[in-house]
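Reading the structure
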Amino acid sequence: MDERLRKEVANWLEFYREMGIGELDLHGSGSAIHHEATQPASPAHRPPATSHPDHDGARKQLEGQKTQPPLQTVHAAVREPMPKSLSLFESISSIPREKETLEEIRKDLGDCHRCRLSSGRKTIVFGQGNPHAEVVFVGEGPGADEDAQGLPFVGRAGQLLNRMIQLVGMKREEVYICNVVKCRPPGNRTPLPDEIEICSPFLLRQIRTIGPRLVCCLGAPAVRTVLGIKEGITKIRGQFYDFGDIKALPIFHPAYILRNPREEKLLREDFQKVCDFLKSSR
Ligand code: SF4
């Protein structure tokens, strides 16, 4: 292997490692790797050819890439790119607070085609709930039911989330629910780093506008985006992270619990922590 190729492979492996991905789907993605060789050089824009244990359709994750618009066009359209290497929460404190409403943010998002996910979606799933919520739940992206209805967490995972919310004495209307990306990734794959980078400024603005006391990150992609933490969700779930006025709590994604029902007691424990936190900090 020549030196240039060796460096290229090393860069890719480092990129996967940073995303917390340890398993590569080499068989299903060869053509996509070839496609990505034509993309700009920044590692942050390279969609990984990987599978991810958090999502059922991970092996189909490269389906939507053929219709990707040029990245320069994409970035020119983003009003407020998230500073590279900062978590969403670090960005919250580094960017001056603007007075804007959720309606204004939605209007600014428009009929968004800033990333390739627009090509396969039926509807943009912006978010739903109390604009002054004390708790915001952030998932990774809409699934088929959410895409069809334009609302977050309305499928089976959403029903489990609703049950957990009720279990701790809250109503769904009292909280705010949204996702890291607002369009359904093809085959329900995990959102790719460049899609998250392009879409997450809108999530940042939603959180800033709502001003919650607690942000619950549902699953690893939400944890990585919001907190910039690369450890597995199993290790860090149920631990509070402090970002000034806002706390964050990594929690298992309800879809993971549906696939691993024996872990439901851990989900209940974490929701009890949400309840205790809200009571203690009032
Ligand atoms: S995922 Fe976000 S950035 Fe991409 S098209 Fe949808 S709304 Fe736009």
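The structure under discussion appears in the preceding block.
A brief report on the enclosed structure follows. (Residues numbered from 1 in each chain as written. Predicted model: local features only at pLDDT ≥ 70, side-chain atom pairs only at ≥ 80, totals over all residues.)

Per the secondary structure count, the protein chain includes twelve helices and six strands. The 282 residues of the protein chain split such that 41% are buried. A separation of at least 24 residues holds for 76% of the contacts in the protein chain among residues at least 6 apart in sequence. (Helix = DSSP H or I, 4+ residues; strand = E, 2+ residues; numbered from the N terminus. Buried ≥ 20, exposed ≤ 12 C-beta atoms within 10 Å, placed from the backbone. Contact = placed C-beta atoms within 7 Å.)

Looking now at the site of the ligand. For the ligand, the set of nearby residues contains 14 residues, the closest of which are C112, C115, S118, C183 and C199. Looking at which element gives the most residues to the shell around the ligand, the answer is helix 8 (residues 193-210), with three residues. When the residues that make up the shell around the ligand are grouped by side-chain class, the tally is nine nonpolar, two polar and three charged. (Near = placed C-beta within 6 Å. Nonpolar A, V, L, I, M, F, W, Y, C, P; charged D, E, K, R; others polar.)

Most often, soluble globular proteins keep nonpolar side chains buried together rather than apart. By size, the foremost hydrophobic cluster in this structure holds 53 residues, and its most contacted members are V136, F137, V138, V215, C216 and C217. The element that contributes the greatest number of residues to this core is helix 8, accounting for eight residues. Discounting chain neighbours no more than four positions away, the residues touching C216 are V135, F137, L249, I251 and V274. (Core = buried A, V, L, I, M, F, W, Y, C linked by C-beta atoms within 7 Å.)

Let's shift gears to the sheet that holds strand 4 (residues 214-218). In spatial order, the strands read 1-3-2-4-6-5; together these six strands make up an open sheet with mixed pairing. Both outer strands of the open sheet, strand 1 (128-129) and strand 5 (241-243), are each paired with one neighbouring strand and no more. Strand contacts of helix 9 (residues 220-227): strand 2 (135-139), strand 4, strand 5 and strand 6 (246-251), with the helix running at about 140° to strand 4, the strand carrying the most contacts. In the packing of helix 12 (residues 264-280) onto the sheet, contacts are made with strand 2, strand 4 and strand 6, and the angle to strand 6 comes to roughly 165°. (Pairing = 2+ DSSP bridges. Axes fitted to C-alpha atoms, helices over the stretch in contact; angles between N-to-C directions.)

If you trace the backbone, I196 turns up in helix 8. In this structure I196 comes out as buried when scored by C-beta crowding, with 24 C-beta atoms within 10 Å. Remark: the alpha-carbon pair of I196 and V181, spanning 15 residues in sequence, is separated by 6.1 Å. Each residue touching I196, except ones within four places of it in the same chain, is listed here: V180, V181, P191 and T225.

Turning to unusual backbone geometry, a few remarks are in order. Backbone geometry at F153 places phi at a positive 50°, although glycine is not the residue there. Here F153 is to be found in the loop between helix 6 (144-149) and helix 7 (156-167). The phi torsion at N188 lies on the positive side, around 60°, for a residue other than glycine.

Next up on the list: the environment of G110. For G110, the position within the fold is in the loop between helix 5 (102-109) and strand 1. Residue classification places G110 among the exposed residues on the basis of 10 C-beta atoms within 10 Å. Each C-alpha atom of the pair G110 and I124 lies 9.2 Å from the other, and the pair is 14 residues apart in sequence.

Turning next to the pairing of strand 3 (residues 176-179). A regular strand places its side chains so that they alternate between the two faces of the sheet. Judged by which residues are buried, strand 3 turns out to be covered on both faces: Y176 and C178 on one side and I177 and N179 on the other are all buried. Across two bridges, the pairing between strand 1 and strand 3 is antiparallel. Looking at the pairing, G129 lines up with Y176 of strand 3. Relative to strand 3, strand 2 runs parallel, the two sharing four bridges. Following the sheet pairing, F137 is matched in strand 3 by I177.

With that settled, consider the pairing of strand 2. Counting buried positions along strand 2 yields five of five residues, so the element is predominantly enclosed. Of the two faces of strand 2, the one carrying V135, F137 and G139 and the one carrying V136 and V138 are both buried. Relative to strand 4, strand 2 runs parallel, the two sharing four bridges. Pairing of V138 across the sheet is with C217, part of strand 4.

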